[in-house]
Amino acid sequence: MEVKTIAVVGAGTMGAGIAQVAAAAGFKVILSDVAPEIVEKALSRIRESLERLAAKGKLRGSVEEVLGRIETVTGYSGMEGVDLVIEAIVEDIEKKKALFKELDQICRPEAVFCSNTSGLSITEMASATRRPDKVIGTHFFNPVPVMQLVEVIRGEETSDETYSLAVKVCEKMGKTVITVKEAPLFVVNRILVPMINEAIFVLQEGIASAEDIDKGMKLGANHPIGPLALADLIGLDVLLMVMETLYRETGDSKYRPAPLLRKMVRAGHLGRKTGRGFYRYN
Ligand code: 3HC
């Protein structure tokens, strides 16, 4: 099958980024979320990012051409004709299963379902459909237009055909793929997220200031940004959910989320997206 039309369900930071790189690669994109304000906001973020890329000559075609390939919808409008779906909704296994179950009724039987989950079970999501062989993980990284990697995760039933198709689609989007067996948090987050959690423990214990922790990791370990600034970029709510998955799935106390992380999420300080996390943003 040749993929021409991709539906991206969930127009948050990741969904918007995925819709952007898919449209920039020439795919026709349907970007969907529950409310029109959410998709409108996503579209303006996409325009801003495309303009930055175009200004540097890093965009094939014009900003308007790329935007012209993105149709924004609410709900499941237009989903019956798509070749491939990438879900980027909230990190909640029950919500993801409910979404795939619904889409399974609406989409063509040949359509492939991809999940951008940060670490939940692809096999479990696939079990909610009548096409478990056509369900796969395609995990992008934030900010999607800049980050090179996609982890491709095969569930228990994922077919070779689905795997090859997912790799081809990601490569057409200009990404480099690593192949991962299903396991909690896959590869990159399994290593990265506990490191960020540890940085939050270091802050919580008063060992150093946020600025000095980040300066330490930038200058001492050559990280492009410090772990606390990265936490703000990822979103503290996402980070907490991801860390909780690892803790729950392994039952290993070394993966317990830092209490300070939990407290900040409860206070609504989620990082860049709310203007306040470990740092303040305008
Ligand atoms: N769209 C287009 N271009 C963008 C962009 C966007 N959304 N965000 C950044 N850029 C471009 C800038 O224009 C700039 O381009 P230039 O070098 O050609 O001028 C370049 O990226 C660098 O941006 P800035 O100068 O604004 O800022 P930084 O130097 O801090 O770089 C960064 C930004 C690339 C995000 C860098 O800080 C970085 O690499 N951070 C680490 C990101 C990371 O680790 N992400 C993974 C998170 S984990 C994850 O996503 C998994 C999830 O499941 C939790």
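Computed from a predicted model, the values in this text were never measured in an experiment.

Criteria and thresholds
- Residues numbered from 1 in each chain as written.
- Predicted model: local features only at pLDDT ≥ 70, side-chain atom pairs only at ≥ 80, totals over all residues.
- Heavy atoms only, no water.
- Salt bridge = Lys/Arg side-chain N within 4 Å of Asp/Glu carboxyl O.
- Helix = DSSP H or I, 4+ residues; strand = E, 2+ residues; numbered from the N terminus.
- Buried < 20%, exposed > 50% of the residue type's maximum accessible area, 1.4 Å probe, protein only.
- Near = heavy atom within 4 Å.
- Polar contact = N/O pair within 3.5 Å; in protein donor to acceptor, adjacent residues only side chain to side chain.
- Areas by Shrake-Rupley, 256 points an atom, 1.4 Å probe, with all protein chains shown as cover.
- Nonpolar A, V, L, I, M, F, W, Y, C, P; charged D, E, K, R; others polar.
- Axes fitted to C-alpha atoms, helices over the stretch in contact; angles between N-to-C directions.
- Parallel < 35°, antiparallel > 145°, perpendicular 65-115°, else oblique.
- Left-handed = near helix turned anticlockwise from the far one by under 90°.
- Contact = heavy atoms within 4.5 Å.
- 1 Å grid on protein atoms, 1.4 Å probe; cavity = no way out; pocket = protein on both sides within 12 Å on 5 of 7 lines; lining within 4 Å.
- Points joined across faces, edges and corners; volume = space filled by probe spheres on them.
- Pairing = 2+ DSSP bridges.

Student: In this structure, what is going on with the pattern of salt bridges? I would like to understand it.
Tutor: Side-chain pairing between opposite charges can occur once the charged atoms of the two side chains come close. Taken as a whole and judged by the stated rule, the model has 15 salt bridges. Here E64 makes a salt bridge to R47, at a shortest N to O gap of 2.8 Å. Here E64, found in helix α3 (residues 63-68), pairs with R47, found in helix α2 (residues 36-55); they are 17 residues apart in sequence, far enough to count as distant. For R47, a relative accessible area of 32% puts it in the partly exposed group. K273 is paired through a salt bridge with D237; the nearest N and O atoms lie 2.9 Å apart. A residue pair is termed long-range when its members are at least 10 positions apart, and K273 in the segment after α11 (259-266) and D237 in helix α10 (residues 236-250) qualify at 36 residues. Using a relative accessible area of 46% as the deciding quantity, one classes K273 as partly exposed. Here the salt bridges share partners, and the residues they tie into one network are R47, E51 and E64.

Student: How should I be thinking about the site of the ligand in this particular structure?
Tutor: Around the ligand lies a shell of 18 residues, among which S49, K56, S118, H139 and N142 are the nearest. Between the ligand and the protein, one listed contact pairs an oxygen atom with a side-chain N or O atom of K56 at 2.6 Å. At 3.4 Å from an oxygen atom of the ligand is found a side-chain nitrogen or oxygen belonging to K58. Taking 1000 Å² as the accessible area of the ligand by itself, protein coverage stands at 66%. Looking at the shell around the ligand, its residues break down into 10 nonpolar, five polar and three charged.

Student: How do you make sense of the packing of helix α7 (residues 188-204) against α10 when you look at a structure like this?
Tutor: Where α7 contacts α10, the axes come no closer than 10 Å and their chain directions differ by 110 degrees. When the axes of α7 and α10 are compared, the pair comes out roughly perpendicular. In the crossing of α7 with α10, the sense of the turn from one axis to the other is left-handed. Contacts between α7 and α10 pair N189, R190, V193, P194, I196, N197 and I200 from the former with L239, V242, M243 and L246 from the latter. Grouping the constituent residues of the contact of α7 with α10 by class yields eight nonpolar, two polar and one charged.

Student: Explain the layout of surface pockets here, please?
Tutor: Gaps left between atoms show up when a probe the size of a water molecule is rolled over them. Taken as a whole, the second largest pocket holds about 310 Å³ of empty space. Around the second largest pocket, the lining is made up of 16 residues, and of these V21, A24, K58, P145 and M173 lie nearest the centre. Counting residues per element, the lining of the second largest pocket draws most heavily on helix α1 (residues 13-24), which supplies three residues. Tallied by class, the residues present in the lining of the second largest pocket amount to nine nonpolar, three polar and four charged.

Student: Before we go on, may I ask you to explain the sheet that holds strand β2 (residues 28-33) in this structure?
Tutor: Where strands meet in a sheet, backbone hydrogen bonds hold them as pairs that are either parallel or antiparallel. The strand order β3-β2-β1-β4-β5-β6-β7-β8 describes an open sheet built from eight strands, whose pairing is mixed. What marks the edges here is a single partner per strand, and that holds for β3 (70-74) and β8 (176-181). Here the strands of the sheet are splayed against their neighbours by 25 degrees on average, with no regard to which way each runs. Where strand β1 (residues 5-9) and β2 come together, five bridges link them in parallel fashion.

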